[in-house]
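# Descriptive structure summary
Below, each chain spelled out in residue letters.
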Amino acid sequence: MRSALTIKELRKRWRVSDDAALAAAALGANGIVGPKYTSPDIGATAVLGNAHGRIAVVRTDRTERYGDIVSWNVPFGHGVPVCNGLYDGPEDTTFWLGLDGVSRPGEPVFKPNSNTLVSRWRSRTGRAEERTVMVGSPTGSDGNQLLRQLTCKGGRVTAAFRIRLRYGHMGEKSVVWTLNRHGGGYWEYTAMAGNTKLFLTTNVEPSLSEGGGVLTGTMALKTGESAFVSVGGHDCLSPRNVEEANRLFDETEDGWHKWVQTLRFRSGKYAEVGVRAAINLRILGYGDGGSFYAAATRSLPEDDPRHGLAVRCWDYLKDWERDAVLTILSLTDAGDQKVLRARYQWYKKLHDIRHRLSIMHEVDGGNVASLGEVVIPGVGYRGSIYRVGNGAGDQEQHDWTSYAAEVHYLMALQGEIDLERTAALAEQTMAALFKPCSGVWEIRPAENQENQENGAKLRIYASVQILASQALIRFAEIFEIAGMMDRARECRARAAEVMPWVRKNCVKHGVIVAAPDMPVLDSSILLAFMQAPDMFESTDEKLVRATALAIDTPHTARRPIKGLRVGKGHRRYNADQFSDGISTEEEGNFTNITGWLAIVFLQLGMIRRAESRMGELLASFNRVEQSSEEQWPDGLALGNLNQAYVYQAVIWFVLLYQAIMADQEEARTAEAVLV
């Protein structure tokens, strides 16, 4: 269920800052007044995770708040915040460990082949190293805790920590700590964050203030000595001394290292890039890896808040069918042996899959649409709105079964077939052919048009139809494996209707356009080029090439079809041409589009151009090699953090590039032998 407030209404409320208090009161958010713009640059952050659904965001800009945990939800990533410093809520929160009296360390780095963030500090009397980790790994258990440790590496230093947690989306309730036990050089405190019981252990003698809401402590260290602080749930193993803390670090790092060793990235160019992208993607996993968050955050804007308070702020802490399965397919291609089967089993949890597979679920399989969404003004990133929940769960997006089809097909090749589920998904796909939908991007045009869905005009998008027809080919192949030839022929016959329709109705000026009644570019066609190999014939190469080049053309170029390139990035579409209520000036460059283009150019043999585009994508990554969903041409990071699409594109590019290079080397070797 979408919020009753439309984009138009939200814009009307928030364009004039004087109306902020009235709007807040009208929406039940009394006390949240206007934009404070205190959020850190989201490009200067690092996302931590343990591949079991625990996620936190660390501030890495070189300010006095460096190293602070600015976003952390409990008990899982999609839960309720206890650290809300990434947003502009009224209450200050912190989980900080560093050197007393020193505001900034050196540049942070992730330890190779791990998700351990390392920072190095210096004072006048010594130097130190601080490590932060979310305990757990894809090959290990879920530690369910944030662990931080500062070690003196030379001279003498004084470690200091400060913890102030607030439970609630607006930080409305203080997390109050109570001493549980102490002795033997460690202290253990407990607190309640909603229904979640938290345990804090440290070897630094703490002081309580603000009624137990703030814990602080300092500890003098000489070379080789360490101070640690661990906060986790009731089921975590709380370290009682430095040795136990080190063991948790070692187990976590060893677990990630073992997982990295299973990946298929060859040594050489882009190998390290591929490994880091795979780690960044894998930390979005939930539970056993059968479902994945679409990104590591909720409610960061998809449009530039400098143009006015952003309204397109979406809760990405959900399992989107498209995002999650593309994640699973890319990780499977990279060598992860677990996630494909886990996803196949995950489908059994879904109450709707046999009559209607939704485009989005909770990561535990719950129904998103039934929960609706809550909109809170003024609390979001840089004063924008803040959404809890995501109302897109009941939308019509007819490419959705193509992703489930890939999972079921790959499992069928391993001898596992659920014919009832396959038949149900095939029926849903056939029913969706040539039916209007909201497209891959959930287009939301102006109101009062035909084929309405929550104010959005539905269309028959070319990319969606191509992906749906690819799904039917996969279902046909499953039926053939099962010996059900009549069902297979039916699926193939329906799939064969699509490309002739696309060539007749959706090709304008030599390129594939969005829809028959929309002769404009839609970058989602790149996804069809990548994910629907059976739909394109060798004679289509010219059409694919022309479409990719058109997308890569600057949007200011005088062409019959306006390009999507803006600076060194690309838009999903030109927003004014789609009439979705947002102007082109308010739409950022989507990082994954540049990556998809790089992959398609590789497929076309345009290696130099492909590498150039991948270079632009990688240049948009921050100092710890992570990415936001979007960037403004001037470098401002927009959208949600650690967005899955970005790393999927990197992984597929690296694997394809390495395969092409291996083939070329093999050809050169064979030629040398003949000579």
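What comes next concerns the included structure. Keep in mind that what you see is a predicted model, and the values were worked out from it rather than measured. Going along each chain's sequence as written, the residues are numbered from 1 onward. For a predicted model such as this one, the threshold for reporting local features is a pLDDT of at least 70, and the threshold for listing and counting side-chain atom pairs is 80 or more; totals across whole chains, interfaces and linings nevertheless cover every residue. Each side-chain value is derived from all of the structure's non-hydrogen atoms; neither hydrogens nor water enter the calculation.

## Thoughts on the pairing of strand β15 (residues 206-209)
- We treat two strands as partners when DSSP finds at least two bridges between them. Helix and strand definitions here come from DSSP, where helices need a minimum of 4 consecutive H or I residues and strands a minimum of 2 consecutive E residues; each element is numbered from the N-terminal end. The pairing of β15 with strand β16 (residues 214-222) spans four bridges and is antiparallel. The residue bridging Ser 207 from the neighbouring strand is Thr 216, located in β16.
- A loop of four residues connects β15 with β16, the two strands running antiparallel in sequence, and Glu 210 in this loop sits at a positive phi of about 55°.

## Brief notes about the sheet that holds strand β34 (residues 637-641)
- With respect to topology, three strands assemble into an open sheet ordered β32-β33-β34, the strand pairing being antiparallel. Each of the sheet's edge strands pairs with one partner strand only, and the pair in question is β32 (589-590) and β34.
- With two bridges connecting them, β32 and strand β33 (residues 628-631) associate as antiparallel partners. Following the sheet pairing, Asn 589 is matched in β33 by Gln 631.

## Description of the nonpolar core
- Here, nonpolar core means buried Ala, Val, Leu, Ile, Met, Phe, Trp, Tyr and Cys residues that are tied together by side-chain atoms lying within 4.5 Å of each other. A 1.4 Å probe rolled over the protein chains alone gives each residue an accessible area, and that area as a share of the maximum for its type sets the label: buried under 20%, exposed over 50%, partly exposed in between. Phe 265, Tyr 461, Ile 466, Phe 475, Trp 596, Ile 651 and Phe 653 are the most contacted members of the largest nonpolar core, which totals 154 residues.
- Considering every element that reaches this core, the biggest residue donor is helix α17 (residues 644-674), with 13 residues.
- We call two residues in contact when some of their heavy atoms are within 4.5 Å. Contacts of Phe 265, omitting those with residues within four sequence positions, involve Ala 271, Gly 274, Val 275, Ala 278, Ala 334, Ile 651, Val 654, Leu 655 and Gln 658.
- Formed by 44 residues, the second largest nonpolar core is a distinct cluster that contains Val 82, Leu 117, Trp 187 and Leu 215.

## Here's the deal with the layout of surface pockets
- In this analysis, the protein atoms alone were mapped onto a 1 Å grid. Cavities are point sets where a 1.4 Å probe fits without being able to get out; pockets are open sets with protein on both sides within 12 Å along at least five of seven lines; lining residues have an atom within 4 Å of a point. Grid points are joined across faces, edges and corners, and a volume is the space filled by probe spheres set on the points. Estimates place the volume of the largest pocket at around 530 Å³.
- Surrounding the largest pocket, 22 residues form its lining, Leu 329, Asp 333, Glu 406, Leu 410 and Trp 652 being those nearest its centre.
- Breaking the lining of the largest pocket down by element, the ones donating at least two residues are α5 (321-334), α6 (339-346), α7 (401-413), α12 (525-531), α15 (591-603) and α17.
- Only Asp, Glu, Lys and Arg are considered charged in this grouping, and only Ala, Val, Leu, Ile, Met, Phe, Trp, Tyr, Cys and Pro are considered nonpolar; every other residue, Gly among them, is considered polar. When grouped by side-chain class, the residues that make up the lining of the largest pocket number 10 nonpolar, six polar and six charged.

## Quick word on the environment of Thr 262
- In this fold, Thr 262 is placed in the loop between α3 (242-261) and α4 (271-282).
- Take Thr 262: its relative accessible area is 36%, and that puts it in the partly exposed class.
- Excluding anything up to four places from it in sequence, Thr 262 contacts Ala 334 and Gly 335.
- A polar atom in the side chain of Thr 262 sits 2.5 Å from the backbone oxygen of Trp 259. Each polar contact in these results corresponds to two N or O atoms within 3.5 Å; when the atoms are within protein, one needs to be able to donate a hydrogen and the other to accept it, and residues that are neighboring in sequence are counted only if both atoms are side-chain atoms.

## Thoughts on the packing of α5 against α6
- Orientation is described by axes fitted as lines to C-alpha atoms, over the contacting stretch for helices, and by angles from 0 to 180 degrees between their N-to-C directions. Between α5 and α6, whose axes approach to 9 Å, the crossing angle comes to 150°. Judged by the angle between their axes, α5 and α6 are roughly antiparallel. Where α5 approaches α6, its residues Glu 321, Ala 324, Val 325, Ile 328, Leu 331 and Thr 332 are matched on the opposing element by Val 339, Leu 340 and Arg 343. Under this scheme an angle from 65 to 115 degrees is roughly perpendicular, one under 35 degrees roughly parallel, and one over 145 degrees roughly antiparallel; angles in between are oblique.

## A word on the side chain of Thr 252
- Tracing the backbone shows Thr 252 in helix α3.
- Side-chain polar atoms of Thr 252 contact the backbone nitrogen of Gly 136, separated by 3.2 Å.
- Filtering out sequence-adjacent residues up to four positions away, Thr 252 remains in contact with Val 133, Met 134, Val 135, Gly 136 and Ser 137.

## Regarding the state of the cysteines
- Criterion for a disulfide: a pair of cysteine sulfur atoms at a distance within 2.5 Å. A complete count under the given rule lists zero disulfides for this structure.
- Distance from the sulfur of Cys 437, which forms no disulfide, to the nearest cysteine sulfur (Cys 506) is 12 Å.
- The class for Cys 437 is buried, based on a relative accessible area of 1%.

## Focus: the packing of α7 against helix α9 (residues 462-481)
- Relative to each other, α7 and α9 sit at 25°, their axes nearing to 8 Å. Between α7 and α9, the crossing angle belongs to the class labelled roughly parallel. Taken as a pair, α7 and α9 cross one another with a handedness that is left-handed. Residues Thr 401, Ser 402, Tyr 403, Ala 405, Glu 406, His 408, Tyr 409, Ala 412 and Leu 413 of α7 touch α9, and the partners they reach there are Leu 467, Gln 470, Ala 471, Arg 474, Phe 475, Glu 477, Ile 478 and Ile 481.
- The residue makeup of the contact of α7 with α9, split by class, is 10 nonpolar, four polar and three charged. When the near helix sits turned anticlockwise from the far one by under a right angle, the crossing is termed left-handed; a clockwise turn instead gives a right-handed crossing.

## Details of empty space enclosed by the protein
- Applying the stated criterion to the full structure yields three cavities of 30 Å³ or more.
- What the second largest cavity holds in volume is close to 80 Å³.
- Considering the residues around the second largest cavity, the lining is formed by 14 residues, among which Ser 71, Asn 73, Gly 77, Ala 296 and Leu 317 are closest to the centre.
- Among the secondary structure elements, those contributing two or more residues to the lining of the second largest cavity are β2 (55-59) and β3 (69-74).

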